[in-house]
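Results of the structural survey
Each chain is listed here by its residues.
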Amino acid sequence: MPYTVYFGMALLPMAVFVAASFLGAVLMAQEFEYQTILEYRLAPLSPAWILGARLVRLLLSALVATTILTIALGLRSGVWPDLPWRVLLILLPVGIIAGCLGTLAGLLLRRTIPAFLVGLVASFAGWVMGSGFGLAAGFGGWYERLSALTPFTHAVELLFPCFFGTVVGRPLGSTAYLVLVSGAMLGLTVVAYRWRVAGQA
């Protein structure tokens, strides 16, 4: 397995997570710092629509970042994913998880630097513990068990066949994990967003 290709592939979830969590945290925290959050109570749209538009912007930014990285990886190594749309589909729930995490950090902390640090720590820890340097199954033991808790490992295992043509891990389990966790994070973010906006009386 060309390690350069693997390393680049493992950076794709990291790129999505960094872009979505950093932007989500900073932009949400700034709403409180600049007091623009107060204006949302007067908006004709419900908070859910406003939050949805926010998350769509974060997802688009994250997918642009990973597209650029994929092109750079292909130009550098000559290896391109078999189905580019499948790569984006795999990374979509990772972007939702990251965008929701960043938004939650901004909602709860309401300060740019602390919220930014949440995204930074989560991105770095997730990448290191989430098969960033090799498939978790190759390390075994506590690392494999711990890495199964991160979306990075599941995304990497699903991306592996796109670049190397070989199925690894449990694709159905990884898919279920990403869908369920992204759905749970989305629900939690909607509740927290409604609570925070409603609390700005």
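Located above this text is the structure these notes cover.
Scope of this entry: the structure provided in the associated data block. Keep in mind the model is a prediction, meaning the values are calculated, not measured.

So, the side chain of Glu157
The residue Glu157 is located in helix H7 (residues 151-164) in this model. Buried Glu157, no salt bridge; nearest opposite-charge side chain is Arg170, N-O distance 6.5 Å. Separated by 3.4 Å, the side chains of Glu157 and Ser174 make a polar contact. Residues contacting Glu157, with those up to four places away along its chain left out, are Val168, Gly169, Arg170 and Ser174.

Examining the packing of helix H3 (residues 84-109) against helix H4 (residues 112-129)
Contact geometry for H3 and H4: axes closest at 8 Å, N-to-C directions at 150 degrees. On the basis of the axis angle, H3 is roughly antiparallel to H4. At the point where H3 passes H4, the crossing takes the right-handed sense. Within the contact between the two elements, H3 uses Leu101, Ala105, Gly106 and Leu109 and H4 uses Pro114, Ala115, Val118 and Ala122. Of the residues in the contact of H3 with H4, the class split is 7 nonpolar, 1 polar and no charged.

Things to note about the packing of aromatic side chains
Counting across every chain of the model gives 5 aromatic pairs. On the numbers, 5.9 Å between centres and 70 degrees between planes, the contact of Phe7 with Trp127 is edge-to-face. Residue Phe7 is located in helix H1 (residues 3-33), and its partner Trp127 is located in helix H4; the two are separated by 120 residues in the primary sequence. Residue class for Phe7 comes out partly exposed when judged on its relative accessible area of 28%. For Trp127, a relative accessible area of 11% corresponds to the buried category.

Section: helix H2 (residues 47-77)
For H2, built from 31 residues, the straight-helix expectation of 45 Å at 1.5 Å per residue is met to within 8% by its first-to-last C-alpha distance of 45 Å. Within H2, burial applies to Ile50, Leu51, Arg54, Leu55, Leu58, Leu59, Ala62, Leu63, Thr66, Thr70, Leu73 and Gly74. Following H2 by one or two positions, Gly78 has its phi on the positive side, about 80 degrees.

Rules used throughout
Residues numbered from 1 in each chain as written. Predicted model: local features only at pLDDT ≥ 70, side-chain atom pairs only at ≥ 80, totals over all residues. Heavy atoms only, no water. Helix = DSSP H or I, 4+ residues; strand = E, 2+ residues; numbered from the N terminus. Buried < 20%, exposed > 50% of the residue type's maximum accessible area, 1.4 Å probe, protein only. Lys, Arg positive; Asp, Glu negative; His and termini not counted. Salt bridge = Lys/Arg side-chain N within 4 Å of Asp/Glu carboxyl O. Polar contact = N/O pair within 3.5 Å; in protein donor to acceptor, adjacent residues only side chain to side chain. Contact = heavy atoms within 4.5 Å. Axes fitted to C-alpha atoms, helices over the stretch in contact; angles between N-to-C directions. Parallel < 35°, antiparallel > 145°, perpendicular 65-115°, else oblique. Left-handed = near helix turned anticlockwise from the far one by under 90°. Nonpolar A, V, L, I, M, F, W, Y, C, P; charged D, E, K, R; others polar. Phe/Tyr/Trp six-rings, centres within 6.5 Å; stacked < 30°, edge-to-face > 60°. Expected span 1.5 Å × (residues − 1).

In short, geometric facts, not functional conclusions.
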